[in-house]
Amino acid sequence: MTLDVPSLRSDTPGVGNVLHFNNAGAALPPRPVLDAVTSHLAREAAIGGYEAAAEAADRIADVYAAVATLIGARPDEIAVVENATRAWDMAFYAVPFRAGDRVVTARAEYLSNYLAFLQMKARAGIEIDVVDSDASGQVDLAALERAIAPRTKLIAITHVPGRNGLVHPAAEVGRIAARHGILYLLDACQSVGQLAVDVGQIGCHMLSASGRKYLRGPRGTGFLYVRRDTIERLEPPFIDTYVVRDDARRFENWERYIAGQIGLGVATRYAMKVGIDAIEARVKALGALLRRELSKQPGLIVHDHGVELCGIVAFLKDGEAPGKTRDRLRAMNINVHEAQLTRLDLPAGGVDALVRASVHYYNDESEVERFVRAVAG
């Protein structure tokens, strides 16, 4: 399936204002998402928040079916929350850890997730097993399986760590988790909306994702998937009702961003209408083009690694700090991100940050060309 990129660009109001290569931060929303959010906010102003929510009950409820369809789940396995971090936290802190339990994670991991591991180590006495990367840069699957011990309680990795184009082999990790009967939590904040994600094929028990990134939904939205047979094993870290629900919505807050939830449902339906397989192919192709063209320029070094690469491209320009590159490009209405590395990343040669450019399907080849010229200076 070939995407009608000009049509998709015309449906994205922001493309006329900026060259947006910061989709891993927050993508530009399509017009239907923008209209859904602003129209509901206008309705709240006109008749009141509770009343507008009652009037929009069907659209609010649709997000559960939409997200479930997108990732191959059931609507009762979906909880809508404020962001991917809250989704991940609600899952992780619901695991009934005891002193001596072990968590297995990858070296390429989000810092916020690793901080949660450290907090649980201090609070409950768990142990953390960090698995090194293989020669390609992805998690070493053989080493991961060797790291599993009798007290291993959880495998927790990030599908696309987000600092470069690396994609971890999530389904292969799922098969290891299944062989050993271990809970598996997948952070998919950068992969949902960019890659085809099917929780049945991956085999994860829990998955967290963001609305604002590649799904092109509103900021302040995210979701948590919890497999039906796992829900009763997890108690939310805090609750706001006396009777805890028996589905994934036990992990939700009662108060939420209603306009955003409607927008998240619209964004999910929009992605499925475009076609997630076509989106993945387009994003990977643009990422490969950007990687290739940057590599041709003297003084530009691409820092991506892994067997599978996505639409995120990390690089450095000789003699220019990543923050300076970001600011210089921003002055030309070009958006990128300065990605900070952590001690877990084991940066070489004193590198502690990279420039992160992240493309989406509504970007085009002329923008790649313009971007490369601008970076090269």
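Residues numbered from 1 in each chain as written. Predicted model: local features only at pLDDT ≥ 70, side-chain atom pairs only at ≥ 80, totals over all residues. Heavy atoms only, no water.

This part is about the packing of aromatic side chains. Going through the model one piece at a time under the given rule, you end up with ten aromatic pairs. Between Phe-21 and Phe-371, the aromatic rings sit 4.9 Å apart at their centres with planes inclined by 45°, giving tilted as the arrangement. Taken together, the residues Phe-21 in the loop between strand E1 (19-20) and helix H2 (31-47) and Phe-371 in helix H14 (residues 365-376) connect sequence positions 350 residues apart. Look at Tyr-361 and Tyr-362: their rings are 6.1 Å apart centre to centre, the planes differ by 80°, and that puts the pair in the edge-to-face class. Through pairs of rings, three or more aromatic residues link up here, namely Trp-88, Phe-92, Tyr-93, Phe-97, Tyr-114 and Phe-117. (Phe/Tyr/Trp six-rings, centres within 6.5 Å; stacked < 30°, edge-to-face > 60°. Helix = DSSP H or I, 4+ residues; strand = E, 2+ residues; numbered from the N terminus.)

On to the sheet that holds strand E5 (residues 152-158). Spatially, seven strands are ordered E2-E9-E8-E7-E5-E3-E4 in an open sheet, and the strand pairing comes out mixed. Whereas interior strands pair on both sides, the edge strands pair on one side only; in this sheet they are strand E2 (78-81) and strand E4 (127-131). Each neighbouring strand pair of the sheet contributes to a mean axis angle of 20°, computed without reference to strand direction. Across five bridges, the pairing between E5 and strand E7 (residues 183-187) is parallel. In the strand pairing of E7, Ile-157 is matched with Leu-186. Lying on the sheet, helix H6 (residues 111-124) is in contact with strand E3 (102-106), E4, E5 and E7; it crosses E4 at an angle near 150°. (Pairing = 2+ DSSP bridges. Axes fitted to C-alpha atoms, helices over the stretch in contact; angles between N-to-C directions. Contact = heavy atoms within 4.5 Å.)

Moving on, we get to the sheet that holds strand E12 (residues 312-317). On the basis of which strands lie adjacent, the open sheet formed by four strands has the order E10-E12-E15-E14 and antiparallel pairing. Lying at the two open borders of the sheet, with one neighbouring strand each, are strand E10 (300-302) and strand E14 (337-340). For this sheet, the mean inter-axis angle between neighbouring strands, taken without regard to orientation, is 40°. Here E14 pairs with strand E15 (residues 353-358) via four bridges, running antiparallel. Residue Gln-340 lies in a different strand from E15, and its bridge partner there is Ala-353. Running at roughly 25° to E12, H14 makes contact with E10, E12 and E15 of the sheet.

Bringing the nonpolar core into the picture now. Counting 60 residues, the largest nonpolar core has Ile-155, Tyr-184 and Leu-207 as the members making the most contacts within it. Per-element accounting of this core gives the leading share, six residues, to helix H4 (residues 57-71). Every residue in contact with Tyr-184, bar those within four places of it in the chain, is listed here: Leu-154, Ile-155, Ile-157, Ala-170, Val-173, Gly-174, Ala-177, Ile-202, Gly-203, Cys-204, His-205 and Met-206. Ala-87, Trp-88, Phe-92 and Ala-94 belong to the second largest nonpolar core, which has 29 residues in total. (Core = buried A, V, L, I, M, F, W, Y, C linked by side-chain atoms within 4.5 Å. Buried < 20%, exposed > 50% of the residue type's maximum accessible area, 1.4 Å probe, protein only.)

In this section: H6. The terminal C-alpha atoms of H6, which comprises 14 residues, lie 20 Å apart, in line with the 20 Å expected from a rise of 1.5 Å per residue. Along H6, the residues that are buried comprise Asn-113, Tyr-114, Ala-116, Phe-117 and Met-120. Along the long axis of H6, the arc covered by the buried residues comes to 150°, so they all point the same way. For H6, exposure combined with an orientation more than 90 degrees from the buried face picks out Ala-122 and Arg-123. Residues of H6 that are buried in the fold lie against helix H5 (84-92), E3, E4, E5 and E7. (Expected span 1.5 Å × (residues − 1). Arc of directions from axis to C-beta.)

Its location among the elements puts Asp-318 in the loop between E12 and helix H13 (322-330). Each C-alpha atom, one on Asp-318 and one on Gly-299, is 5.1 Å from the other, the two residues being 19 residues apart in sequence.

Turning our attention to H13. Of all the residues in H13, the buried ones are Pro-322, Gly-323, Thr-325 and Leu-329. Looking down the long axis of H13, one finds its buried residues gathered within 160° of arc, a one-sided arrangement. Residues of H13 that are buried sit in contact with E12, strand E13 (334-335), E14, E15 and H14.

Mapped onto the fold, Asp-364 is located in the loop between E15 and H14. For Asp-364, a relative accessible area of 15% translates into the label buried. At a separation of 3.4 Å, a polar atom in the side chain of Asp-364 contacts the side chain of Arg-9. From its side chain, Asp-364 meets the backbone nitrogen of Glu-367 in a polar contact 3.0 Å long. The residues contacting Asp-364, other than those within four sequence positions of it, are Val-5, Arg-9, Arg-282 and Leu-286. (Polar contact = N/O pair within 3.5 Å; in protein donor to acceptor, adjacent residues only side chain to side chain.)

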